[in-house]
Amino acid sequence: NAGVMQNPRHLVRRRGQEARLRCSPMKGHSHVYWYRQLPEEGLKFMVYLQKENIIDESGMPKERFSAEFPKEGPSILRIQQVVRGDSAAYFCASSPPQEETQYFGPGTRLLVL
Amino acid sequence: GESVGLHLPTLSVQEGDNSIINCAYSNSASDYFIWYKQESGKGPQFIIDIRSNMDKRQGQRVTVLLNKTVKHLSLQIAATQPGDSAVYFCAENFSGNTPLVFGKGTRLSVIA
């Protein structure tokens, strides 16, 4: 059973470009969470999704950030018009229904030049 | 010994000694707690969890203790090995499939 997969592992963008981060949850997991981590800090919750539904987006900036988890395919975190402050590691976690344990992917490290 | 660096507190231990990493959690209503290990350049890795109706749980070489009275969680690692060097985070959860709230993290450095 493959773990949570994220790609790309590293992403470099210039200010103003779009960043698109992908997450494939573990098999059988229908819940996906996105977290952001700055260097030397803990992970901060951004958004929680189930298939085709956003359950909680209270941690996600209202502008430029969006997330989806379509019926088919990976979950996508999209950052439009990136700024230098968006540089961080973005982690995806997944969990099965009715289970609290979240399993994390390897992360995508975004660098905005 | 334990020291506070620029960002993360660091705990340095001799190989073979026991390590104790502490965490204060924020929400007295949290009922599920997890310890994660994060190595450099990797994602958090699940170590052990505990529910609020327990005060101790043991795994392989690791023990988690929960003190709900003072909202304190600790992770004990027996016979610490160089491979245990990493940043350790506690995380709390309030009931079911909800987002985790992470603590600040402690860097464990094992001296061979």
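Residues numbered from 1 in each chain as written. Chains lettered and ligands numbered in written order. Predicted model: local features only at pLDDT ≥ 70, side-chain atom pairs only at ≥ 80, totals over all residues. Heavy atoms only, no water.

Visitor: When you look at the overall build of chain B in this model, what are you seeing that I'm missing?
Guide: Per the secondary structure count, chain B includes zero helices and 11 strands. Mapped in sequence order, the helices and strands of chain B form the string β-β-β-β-β-β-β-β-β-β-β. Relative to the compact-globule value of 13 Å for 112 residues, chain B shows a C-alpha radius of gyration of 14 Å, a close match. Principal-axis analysis of the C-alpha atoms places the extent of chain B at approximately 40 × 30 × 25 Å. Excluding contacts between residues fewer than 6 apart, the proportion of contacts in chain B whose partners are at least 24 apart in sequence is 52%. For chain B, the accessible surface area stands at approximately 5,700 Å², while carbon and sulfur atoms represent 48% of it. (Helix = DSSP H or I, 4+ residues; strand = E, 2+ residues; numbered from the N terminus. Rg over C-alpha atoms; globule rule 2.2 N^0.38 Å. Contact = heavy atoms within 4.5 Å. Areas by Shrake-Rupley, 256 points an atom, 1.4 Å probe, with all protein chains shown as cover.)

Visitor: Honestly, the sheet that holds strand S7 (residues 65-68) of chain A in this entry has me stumped. Any pointers?
Guide: Either a parallel or an antiparallel arrangement is found when strands of a sheet pair, and the pairing is made through backbone hydrogen bonds. Residue and element names in this part refer to chain A. Taken in spatial order, the four strands line up as S1-S3-S8-S7 in an open sheet, and their pairing is antiparallel. Because the sheet does not close on itself, it has two edges, and the strands there are strand S1 (5-7) and S7. Across the sheet, the mean angle from the axis of one strand to that of its neighbour is 15 degrees, orientation sign disregarded. As judged from the three bridges shared by S1 and strand S3 (residues 19-24), these two strands associate in the antiparallel manner. Note on S3: the bridge partner recorded for asparagine 7 is arginine 22. (Pairing = 2+ DSSP bridges. Axes fitted to C-alpha atoms, helices over the stretch in contact; angles between N-to-C directions.)

Visitor: What am I meant to see in the environment of Ser30(A) here?
Guide: Residues and elements named next belong to chain A. One can find serine 30 in the loop between S3 and strand S4 (31-37). Taking the relative accessible area as the measure of exposure, serine 30 reaches 22% and is therefore partly exposed. Serine 30 has contacts with Leu49, Gln50, Lys51, Phe69, Ser95 and Pro97, leaving out every residue within four places of it along the chain. (Buried < 20%, exposed > 50% of the residue type's maximum accessible area, 1.4 Å probe, protein only.)

Visitor: I tried to follow the packing of aromatic side chains on my own but got confused; where do I start?
Guide: Any aromatic ring pair is given by two values, namely how distant the centres are and how the planes are angled relative to each other. Across all of its chains, the model carries 10 aromatic pairs over all chains by this definition. Taking the centre distance of 5.7 Å and the plane angle of 80 degrees together, the rings of Tyr35(A) and Phe102(B) count as edge-to-face. Of this pair, Tyr35(A) sits in strand S4 while Phe102(B) is found in strand S10 (residues 101-102), placing the two residues in two different chains. Of the two residues examined, Tyr35(A) and Phe102(B), each falls in the buried class. (Phe/Tyr/Trp six-rings, centres within 6.5 Å; stacked < 30°, edge-to-face > 60°.)

Visitor: I'm lost on the sheet that holds strand S8 (residues 72-77) of chain B in this one. Help?
Guide: All names here are of chain B. Sheet architecture is open: four strands sit in the order S3-S8-S7-S6, paired in antiparallel fashion. Whereas interior strands pair on both sides, the edge strands pair on one side only; in this sheet they are strand S3 (19-24) and strand S6 (56-58). Neighbour-to-neighbour, the strand axes of this sheet turn through a mean angle of 15 degrees, independent of strand direction.

Visitor: Would you mind going over the environment of Thr98(B) with me for this structure?
Guide: Note that Thr98(B) resides in the loop between strand S9 (86-93) and S10. With 44 residues separating them along the chain, Thr98(B) and Met54(B) place their C-alpha atoms 20 Å apart. The contacts of Thr98(B), once residues within four sequence positions are left out, are Tyr33(A), Gln102(A) and Asn93(B). Within the local environment of Thr98(B), its side chain forms a polar contact with the backbone oxygen of Phe94(B), the two atoms lying 3.1 Å apart. (Polar contact = N/O pair within 3.5 Å; in protein donor to acceptor, adjacent residues only side chain to side chain.)

Visitor: Help me understand the nonpolar core in this model?
Guide: In a soluble, globular protein the nonpolar side chains are often hidden away together inside. Trp34(A), Met46(A), Leu77(A) and Tyr90(A) are the most contacted members of the largest nonpolar core, which totals 23 residues. When residues of this core are traced back to their parent elements, those giving at least two are S3, S4, strand S5 (43-50), S7, strand S8 (75-79), strand S9 (88-95) and strand S11 (108-112) of chain A. What Tyr90(A) contacts, discounting residues up to four positions off in sequence, is Gln6(A), Leu21(A), Tyr35(A), Arg36(A), Met46(A), Phe65(A), Leu77(A), Ile79(A), Gly107(A), Thr108(A) and Leu110(A). If you look at the next biggest cluster of nonpolar residues, it comprises 20 residues, including Ile48(B), Ile50(B), Val64(B) and Cys90(B). (Core = buried A, V, L, I, M, F, W, Y, C linked by side-chain atoms within 4.5 Å.)

Visitor: What am I meant to see in the side chain of Thr108(A) here?
Guide: All names here are of chain A. Relative to the helices and strands, threonine 108 is located in strand S11. A distance of 2.5 Å separates a polar side-chain atom of threonine 108 from the backbone oxygen of proline 8. Apart from the residues lying within four places of it in its own chain, the contact partners of threonine 108 are Gln6, Asn7, Pro8, Arg9, Leu11, Leu21, Ala88, Ala89 and Tyr90.

Read these as geometric descriptors, not functional statements.
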